[in-house]
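# Chain and residue survey
Here is what each chain is made of, one letter per residue.
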Amino acid sequence: MTLSADTPSEILSQLIRTRRSIRDFLPQAIPEKLLNEVLADANWSPSWSNTQPYRIAIASGAVRAKISSELCSLFDLGMAAQNGGALGKLRLLLTRRGLPDGDFSTQFTYPEDLQPKRRATGAGLYEVLGIGRKDIAARDKQMRRNFEFFGAPTVIFLFAHKGLHEFSILDAGIFLNTLMLSAHAHGLATCAQGALATWASPIRSEFKIPEPYQLICGLSIGYASESAVNNFNPGRSDANLLQIESQK
Ligand SMILES: Cc1cc2nc3c(=O)[nH]c(=O)nc-3n(C[C@H](O)[C@H](O)[C@H](O)COP(=O)(O)O)c2cc1C
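Throughout what follows, the structure given in this document is the object of discussion.

Calculation rules
- Residues numbered from 1 in each chain as written.
- Predicted model: local features only at pLDDT ≥ 70, side-chain atom pairs only at ≥ 80, totals over all residues.
- Heavy atoms only, no water.
- Axes fitted to C-alpha atoms, helices over the stretch in contact; angles between N-to-C directions.
- Helix = DSSP H or I, 4+ residues; strand = E, 2+ residues; numbered from the N terminus.
- Parallel < 35°, antiparallel > 145°, perpendicular 65-115°, else oblique.
- Left-handed = near helix turned anticlockwise from the far one by under 90°.
- Contact = heavy atoms within 4.5 Å.
- Nonpolar A, V, L, I, M, F, W, Y, C, P; charged D, E, K, R; others polar.
- Phe/Tyr/Trp six-rings, centres within 6.5 Å; stacked < 30°, edge-to-face > 60°.
- Buried < 20%, exposed > 50% of the residue type's maximum accessible area, 1.4 Å probe, protein only.
- Patch = residues over 30% accessible without salt bridge, like charges linked within 9 Å, V, L, I, M, F, W, Y side chains within 5 Å.
- Areas by Shrake-Rupley, 256 points an atom, 1.4 Å probe, with all protein chains shown as cover.
- Salt bridge = Lys/Arg side-chain N within 4 Å of Asp/Glu carboxyl O.
- Core = buried A, V, L, I, M, F, W, Y, C linked by side-chain atoms within 4.5 Å.
- Pairing = 2+ DSSP bridges.

What follows concerns the packing of helix 2 (residues 32-42) against helix 7 (residues 166-185). Packing of helix 2 against helix 7 brings their axes to within 8 Å, and their N-to-C directions diverge by 140 degrees. When the axes of helix 2 and helix 7 are compared, the pair comes out oblique. Remark: the crossing between helix 2 and helix 7 carries right-handed chirality. Taken together, the residues of helix 7 that come into contact with helix 2 (itself represented by V38, L39, D41 and A42) are F175, T178, L179, S182 and A183. Classifying every residue of the contact of helix 2 with helix 7 gives six nonpolar, two polar and one charged.

As enumerated under the stated definition, the model contains six aromatic pairs in all. Ring geometry for F147 and W199: centres 5.5 Å apart, planes at 65 degrees, overall edge-to-face. Taken together, the residues F147 in the loop between helix 6 (136-145) and strand 3 (154-161) and W199 in the loop between strand 4 (189-193) and helix 8 (201-206) connect sequence positions 52 residues apart. We note that F147, like W199, is buried. An aromatic cluster is built from F75, F147 and W199, whose rings are joined through pairwise contacts.

Positive phi, normally seen in glycine, also occurs at S49, with a value near 50 degrees. If you trace the backbone, S49 turns up in the loop between helix 2 and strand 2 (54-60). Looking at S49, the relative accessible area reads 65%, which means it is exposed. For N50, which is not a glycine, the phi torsion comes out positive at approximately 55 degrees.

This part is about a nonpolar patch on the surface. On the surface, a cluster of nonpolar side chains totalling about 380 Å² of accessible area is made up of W48, F167, L170 and I174. Relative to the elements of secondary structure, F167 occurs in helix 7.

Right, let's get into the nonpolar core. Counting 28 residues, the largest nonpolar core has F147, F149, F157 and F159 as the members making the most contacts within it. Elements supplying a minimum of two residues to this core: strand 2, helix 3 (61-83), strand 3, strand 4 and strand 5 (213-224). Apart from the residues within four sequence positions on either side, F157 is in contact with R55, I56, A57, A59, I67, F149, L196, I203, L215, C217 and G218. Core analysis: the next-biggest nonpolar cluster, separate from the first, contains 21 residues, Y54, A160, A172 and C217 among them.

Following both chains from N to C, one finds helix 3 and helix 4 (residues 85-95) inclined at 140 degrees, their axes separated by 6 Å at the closest point. Relative to helix 4, the element helix 3 is oriented oblique. Between helix 3 and helix 4, the residues in contact are L77, A81, Q82 and N83 and G85, G88, K89 and L92, respectively.

Attention now moves to the pairing of strand 5. The buried fraction of strand 5 amounts to ten of the twelve residues, a majority that puts the element mostly inside the structure. Note that strand 1 (residues 25-26) and strand 5 share two bridges and pair antiparallel. For F25, the partnering residue across the bridge sits in strand 5 and is A224. Here eight bridges tie strand 3 to strand 5, and the two strands are oriented antiparallel to one another. Counterpart to V155 in the pairing with strand 5 is S220. Where strand 4 and strand 5 come together, five bridges link them in antiparallel fashion. Residue Q193 lies in a different strand from strand 5, and its bridge partner there is G218.

Right, here's the structure in full:
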């Protein structure tokens, strides 16, 4: 990444605006020192009463491969049940394998007012990928890529302390953004993935997660490939900046 900026505000502004979610990575490993520098930056994130109510678990190499394989199996089982009609769903309920076991539900009905943005983002992404609106098999395959961490060599799982309720989740989000921006500044690419909170058991089997911590998100991290999908930029709505009207 080349920046054409001199002042801190210009540099920061360019970093914020040029960071993108990357959905195809090179297999190239991240040097440990580099990752540690990024994590040390993220550790300076502000939080409620400076409680820093989040923890991370980092998987690469064999552990990453094991978690990915397990998550893909669970995804496949869930999909088979979904596409298998009533019998498929019954099997899922009876065996329970494939049923989401995350700490938070990642499957919910989107509020009507947020649907247009969600649909536009999905449609834009599938267009870049050349996936047709009705090509369910290709869409499922792309969804499955989440659980392959889009080929990234490393995945970071983020946990929030349940004792601070929504506020630790807010703090974890701030931490996540600092991490993504620092990664970008260090030449690393990332994709935050709520999808990785769908099943917690494969991650809990590999890491001793302290009891009050709940899996809120995953983050694939590594080096971006040249794939066209990485050029996808969903933009932002200026309407977000409109102030809520005064009562008067
Ligand atoms: C909390 C969070 C969860 C996300 N979950 C996913 C995900 O599961 N899969 C995915 O491909 N992208 C995911 N994204 C990426 C968003 O789709 C992306 O940030 C958004 O479309 C804006 O694009 P940009 O990050 O390239 O600016 C997530 C982003 C955030 C912040």
